[in-house]
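# Secondary and tertiary structure notes
What follows is each chain in one-letter form.
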Amino acid sequence: MIRYNGQGYSDWSALPFQEFFFSQLGAQFTVPIYWQDTVPIFWEATYFHWMSSLRRWRMQIPMTLTPDYLESQLKAFPQTAAAEQTQLFELTAFRQTPSHAEAPLSPLGWILEYKGAFPTASPSEPVQIELYKDVYLSEDYYATLPASQQTQRDLAQTYAHENGYADCLLLNSQKNIVESAQGSLFLLSDEGEVITPDLASGCQATVLRAAFIDWLKKQEGIAIQERPVSPFELQKADALSLLSPFLGVFSVSSYRKKTYTETQLQQWFDAFWAVRA
């Protein structure tokens, strides 16, 4: 089921426009919404993240898009999943008409789509990663926004698929790691410290990333740093995890000749999610 501008439709074919046309409208970006039992998780942070992203993308925001209104749209979906499962919705914003020099402003359109259960456990199959060095990400004002530099991420994911990797890590202009094509990188150093690239490196400022970092900082005995990360640190790390806001957490099994068997990062994510659910 899909809700487009507040109206319910059975699937994409029932929408009043073609999916291909929708993909060409520009300034299109998606944020995840996590739903547990009868309430959204991280709802306030998600809503304000979406609103601030819309403003930074210079999109016109209707006054009707309040938190209560969007929550009522979520509740309009049939509740068919088990209460203990976390459900994933995708909220996509786009310009309803193509912009051009004479008329750059366009009404905001939005689509809310149910995507099924959100996976909170790492897949059992090996997760092998590699660096993608054909293009570099910028670290400018828009780098942290949803869908920013998405073309580069799509290229990296295509490269990973073509070469048998689960994902690829992207670098910025300073040759430091930004994140993977699918999500944030978390590294457990050989000294037991959690390290993740900071926002100044150019990674996306997702709600899930921020919530996990905030939880780690509040735990006794866990030291965490947000700072630039060199690719050379990957070989020294005890564990690597990728945190995708849409696909969940992935425990990396290998990078080049380095094999990772430590599961501490996954255990911490499990504990983090248990108190959120």
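For the structure, check the block above.
Below you will find a few notes about this structure. Because the structure is a prediction, the values reported are computed rather than measured. (Residues numbered from 1 in each chain as written. Predicted model: local features only at pLDDT ≥ 70, side-chain atom pairs only at ≥ 80, totals over all residues. Heavy atoms only, no water.)

### Here's the deal with the pairing of strand β14 (residues 248-251)
Pairing of strand β13 (residues 239-244) with β14 involves four bridges; the strand directions are antiparallel. What sits directly across from L243, in β14, is V249. Here β13 folds back onto β14 in antiparallel fashion, the turn holding three residues. (Pairing = 2+ DSSP bridges. Helix = DSSP H or I, 4+ residues; strand = E, 2+ residues; numbered from the N terminus.)

### Considerations on the pattern of salt bridges
Inspection of the entire model under this criterion finds eight salt bridges. K75 is the salt-bridge partner of E71, the closest N and O atoms lying 3.7 Å from each other. Of this pair, E71 and K75 both sit in helix α3 (residues 67-75), separated by four residues, roughly a single helical turn. Here E179 ties to R153 by a salt bridge, and the two come within 2.3 Å at their closest N and O atoms. Note that E179 is positioned in strand β9 (residues 177-180) and R153 in helix α4 (residues 150-162), a separation of 26 residues in sequence. Look at the salt bridges and you will find they share partners, linking R209, K217 and E226 into a network. (Salt bridge = Lys/Arg side-chain N within 4 Å of Asp/Glu carboxyl O.)

### Description of the packing of aromatic side chains
Taken as a whole and judged by the stated rule, the model has 23 aromatic pairs. Arranged with centres 6.4 Å apart and planes meeting at 10°, the rings of F212 and W215 form a pair that is stacked. Within this pair, F212 and its partner W215 are both found in helix α5 (residues 207-217), separated by three residues, close to a single helical turn. Accessibility assignment for this pair places F212 and W215 in one class, buried. Joined through ring pairs, the aromatic side chains of Y34, F42, F118, F186, F212, W215, F269, F272 and W273 make up one cluster. Its guanidinium or amino end placed over the ring of Y141, R56 lies 4.3 Å from that ring's centre, counting from NZ or CZ. (Phe/Tyr/Trp six-rings, centres within 6.5 Å; stacked < 30°, edge-to-face > 60°. Buried < 20%, exposed > 50% of the residue type's maximum accessible area, 1.4 Å probe, protein only. Lys NZ or Arg CZ within 6 Å of the ring centre and 35° of its normal.)

### Side note on the sheet that holds strand β10 (residues 184-188)
In spatial order, the strands read β12-β11-β10-β13-β14; together these five strands make up an open sheet with mixed pairing. In the strand order of this sheet, the two ends are held by β12 (224-226) and β14, each with one partner. Strand after strand, the sheet turns through a mean of 20° between neighbouring axes, direction not considered. Lying over the sheet, α5 contacts β10, β11 (194-196), β12 and β13, oriented at roughly 140° with respect to β12. (Axes fitted to C-alpha atoms, helices over the stretch in contact; angles between N-to-C directions. Contact = heavy atoms within 4.5 Å.)

### Description of the packing of helix α2 (residues 43-56) against α3
At a closest axis distance of 11 Å, the pairing of α2 and α3 adopts a crossing angle of 110°. In terms of orientation, α2 lies roughly perpendicular with respect to α3. As for how α2 packs across α3, the hand of that crossing is right-handed. From α2, W43, Y47 and W50 reach across to α3, where they touch P67, L70, E71 and L74. A class-by-class count of the residues in the contact of α2 with α3 yields six nonpolar, no polar and one charged. (Parallel < 35°, antiparallel > 145°, perpendicular 65-115°, else oblique. Left-handed = near helix turned anticlockwise from the far one by under 90°. Nonpolar A, V, L, I, M, F, W, Y, C, P; charged D, E, K, R; others polar.)

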